[in-house]
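Structural description and commentary
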Amino acid sequence: MPGDILLVTLTVAALAISGVALSEGVVLPAHPVLSETASDLLTRLIPDATPNATQLRRGRSLVIAGDCVSCHLRAGGAPLAGGLGLNTPFGTIYSSNITGDTDTGIGAWTPDQFNRAMHDGIGVRGENLYPAFPYPWFRHVSRTDNDSMLAWLKTTPAVRYVPPKTDLPFPLNLRFIVKGWNLLFLDTDRATADAAKSSDWNRGAYLVEGLGHCSACHTPKNAFGADKSGHHLQGGTLSDWVAPDLTGNTRTGLGRWNADEIREFLQTGRNVRAAAGGTMAEVITYSTSLMAPDDLRAIATYLKGQAPSDTVKHDAPDAGAMRRGAAIYSDACASCHFDNGVGQPRYFPPLGNNAMLQQADATGLGHLILAGSRVGTSPSRASPLTMPSFAWKLTDSQIADVGTYIRNSWGNEAAPLKTVDVRDLRKRLGLTDLRLTPSSGDRR
Ligand code: HEC
Ligand code: HEC
Ligand code: HEC
């Protein structure tokens, strides 16, 4: 094989690894770090007398829309000081310090440098940043908005802190490899504006496709960890949580939700149909619950305009699994979700005609039953409702049966939750050795 072809082949092979490692394999923490200091920083009054008050308010509202805090906050750390480890199968990528500190943060950055990071994923020393930092979405943010964000970030309390060094194994430690990924997958000309649509729709498109980076989780990924084309917002799996289909599909998507229900969900983490757990909890806590109601309405308008994904037909589920699942449901779940799955809307989510339950990939459901989940908090719903963990209480096949049962009851229709998948998930989540007493737990 001639040398240059070999080189190209090797580079592409390396990119394949980096793509999977950097995007698809990123494991975010299961629950948001609940930090009062962070919430305070994002909501504190900016007095009129502050120089540039209007630009600073705007900058902060954009930082909120970009959910910067979720990733740039580690447990016990100061907000925006970074140091949160995003786990990939090849190593951990640590978020940077983006406080106003001039040495260790971005206090000394120029607007051009900040714009280059957001738009091209290039750091202050000219190095490529890994796409675990969502610049593939942030590149759609306007220059004026970037300038406002930097202005506000520079006013945040300077925190002197150097996050642990990201040290991926060869060849991923060579940051220039990301240049190849950018060439192949960076969306350079996606238009988020459409003059034929309402201003609400356009504002929603700008937020969803840009700062909000909703499709980072809600779009399935290809083998290189980039968005799978033709499946925009049709649901994706990341960190073993399934971010549901957000298109107009009436079973798996938001087809049954009206715009105000979407707004309420984003503002409070709850509505009459669902609750925001898994990785959506942190999006609610540090981003959407603090966004302006008009922006939330714009997002809802844009999402309601998404053409429905294809509907898949399913075979009738196994009768034995349904019978066993019903019995487990009655004992383990009905106390909160009620016998007929109607739940207690806004407290215990109703399970009938539930989009989350009908996702093609049942991983999120397995995760929820094994590990439990906490709803994202918001200023108006400050206490995190929780669903308990059943890892210690139900066997893998019992979890599969009850999962299959609720995925096929009360109007729902979906492929079964499989025992082998629950077993693998239990291992990945490290819940294999949970035994509270010798007589409790999952004995096999
Ligand atoms: C999904 C997680 C995530 C989100 C959300 C996120 N970041 Fe980051 N950010 C990272 C990671 C990880 C890095 C480090 C990347 C690297 O080392 O290559 C980073 C790096 C950066 C850098 C480069 C800093 C430096 O010293 O080189 C800037 C600037 C930045 N982020 C700003 C932001 C802003 C502003 C927002 C919100 C609009 C934001 N980030 C949201 C994960 C995130
Ligand atoms: C103690 C009360 C309680 C019990 C018991 C309980 N749940 Fe939940 N469940 C909740 C709460 C609260 C939520 C919202 C948490 C979240 O989504 O993060 C929830 C969320 C869910 C959801 C997600 C719905 C959505 O739209 O997001 C499903 C599915 C679910 N539970 C199934 C079950 C199953 C199956 C069982 C029994 C094995 C069960 N629950 C037992 C309280 C409970
Ligand atoms: C970090 C990953 C992540 C990001 C970013 C994210 N989501 Fe989600 N989202 C999820 C997950 C996971 C769920 C499922 C939550 C559950 O099962 O309780 C979800 C659930 C939802 C739901 C409820 C769907 C249903 O059928 O129950 C809506 C609506 C939603 N997200 C909208 C958005 C919007 C709008 C954005 C961008 C502003 C966004 N999400 C960004 C991970 C994410």
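1. Some words on the overall build of the protein
The helix and strand tally for the protein stands at 18 helices and six strands. By the burial criterion, 48% of the 444 residues in the protein qualify as buried. Taking as baseline every contact in the protein between residues at least 6 positions apart, the subset at least 24 positions apart corresponds to 69%.

2. Quick notes on the site of ligand 3
The full set close to ligand 3 counts 28 residues, and G212, C214, C217, M280 and A355 are the nearest of them. For the shell around ligand 3, the elements supplying multiple residues, two or more each, are α10 (215-218), β4 (241-243), α11 (259-268) and α12 (280-286). Of the residues forming the shell around ligand 3, the biggest block, three residues, is contributed by α10.

3. A short note on the site of ligand 2
Not every one of the 27 residues close to ligand 2 is listed here, only the nearest: G277, C333, C336, S373 and M387. Mapped by element, the contributors of at least two residues to the shell around ligand 2 are α15 (334-337), α16 (363-371), β5 (373-374), β6 (386-387) and α17 (396-406). Grouping the constituent residues of the shell around ligand 2 by class yields 20 nonpolar, six polar and one charged.

4. What to know about the confidence of the model for the protein
Mean pLDDT over the protein: 90, with 89% of residues reaching 70 or higher. Within the model, pLDDT remains below 50 along residues 1-28, and this stretch shows 51 contacts once partners closer than five positions in the same chain are excluded.

5. Observations concerning helix α13 (residues 293-304)
Every α-helix winds through 3.6 residues per turn, so residues three or four apart in the chain are directed the same way. When the terminal C-alpha atoms of α13 are compared, their 16 Å separation across twelve residues agrees well with the 16 Å that a helix rising 1.5 Å per residue should span. If you check which residues of α13 are buried, you get D295, L296, A298, I299, A300, T301, Y302 and L303. Elements in contact with the buried residues of α13: α3 (53-65), α9 (199-211) and α11.

6. Some words on the nonpolar core
Membership of the largest hydrophobic core comes to 97 residues, with the highest contact counts inside it found for I299 and I399. Contacts of I299, omitting those with residues within four sequence positions, involve G204, L207, V208 and L266.

7. Topic: the packing of helix α14 (residues 319-332) against α17
Here α14 crosses α17 at 95°, and the two axes come no closer than 7 Å. Relative to α17, α14 is oriented roughly perpendicular. Taking contact as the criterion, the partners of A321, M322, R324, G325, A326, I328, Y329 and A332 in α14 are, on α17, Q398, D401, V402, T404, Y405 and I406. Along the lines of polarity and charge, the residues of the contact of α14 with α17 split into nine nonpolar, three polar and two charged.

8. Considerations on unusual backbone geometry
The omega angle of the peptide bond from F170 to P171 is 5°, so this bond is cis rather than trans. Residue placement: P171 occurs in the loop between α7 (143-155) and α8 (177-185). A positive phi angle is found at D67, which is not glycine, with a value near 55°. With respect to the helices and strands, D67 occurs in the loop between α3 and α4 (68-71). By the C-beta count within 10 Å, which is 23 here, D67 ends up buried.

9. Remarks on helix α18 (residues 419-428)
Inspection of α18 places V422, L425 and R426 among the buried residues, and these make up the whole buried set. The arc enclosing the buried residues of α18, seen along the axis, measures out at 105°, which places them on a common side. Turned more than 90 degrees off the buried face of α18, the exposed positions are V420 and K427. Next to the buried residues of α18 lie α16 and α17. Positive backbone phi, approximately 70°, marks G430, located one or two places after α18.

10. Focus: the environment of N249
Here N249 lies in the loop between β4 and α11. Look at N249 and you get buried, because 23 C-beta atoms sit within 10 Å. When near neighbours in sequence (up to four residues on either side) are disregarded, N249 contacts G255, P308, S309 and T311.

11. Here's the deal with the pairing of strand β1 (residues 85-88)
Of the two faces of β1, the one lined by L86 and T88 is fully buried and the one lined by G85 and N87 carries no buried residue. Two elements, β1 and strand β2 (residues 91-94), share four bridges in a ladder whose sense is antiparallel. Bridge pairing in β2 links T88 to G91.

12. Some thoughts on the environment of L174
Looking at the secondary structure, you find L174 in the loop between α7 and α8. In this structure L174 comes out as partly exposed when scored by C-beta crowding, with 13 C-beta atoms within 10 Å.

Calculation notes
- The residue numbers shown here count from 1 along each chain, following its written sequence.
- Each chain gets a letter, beginning with A, and each ligand a number, beginning with 1, in the order they are written.
- In view of the model being predicted, local features appear only for residues whose pLDDT reaches at least 70, and side-chain atom pairs are presented and counted only at 80 or more, with totals across whole chains, interfaces and linings using the full set of residues.
- Strands here are runs of E lasting at least two residues and helices are runs of H or I lasting at least four, both read from the DSSP assignment and numbered beginning at the N terminus.
- Exposure criterion: with C-beta atoms placed from backbone coordinates, a residue whose C-beta has 20 or more other C-beta atoms within 10 Å is buried, one with 12 or fewer is exposed, and one in between is partly exposed.
- For every residue pair, C-beta atoms are placed from the backbone, and the pair is scored as a contact if these atoms sit within 7 Å.
- As a rule, any residue with its backbone-derived C-beta atom within 6 Å of a molecule or strand is reported as near that molecule or strand.
- Under the scheme applied here, ten amino acids are nonpolar (Ala, Val, Leu, Ile, Met, Phe, Trp, Tyr, Cys and Pro), four are charged (Asp, Glu, Lys and Arg), and all others, including Gly, are polar.
- Residue-level confidence of the predictor, termed pLDDT, takes values from 0 up to 100.
- What a helix is expected to span follows from its residue count: subtract one and scale by 1.5 Å.
- Take the buried Ala, Val, Leu, Ile, Met, Phe, Trp, Tyr and Cys residues, join any whose C-beta atoms are within 7 Å, and the set you get is a nonpolar core.
- Fitting a line to C-alpha atoms yields each axis, with helices limited to the stretch in contact; the angle taken between N-to-C directions then spans 0 to 180 degrees.
- When an angle is under 35 degrees it counts as roughly parallel; over 145 it counts as roughly antiparallel; between 65 and 115 it counts as roughly perpendicular; any other value is oblique.
- Taking the helix axis as origin, the arc is that swept by the directions to the C-beta atoms.
- Strands are treated as partners if at least two bridges between them are detected by DSSP.

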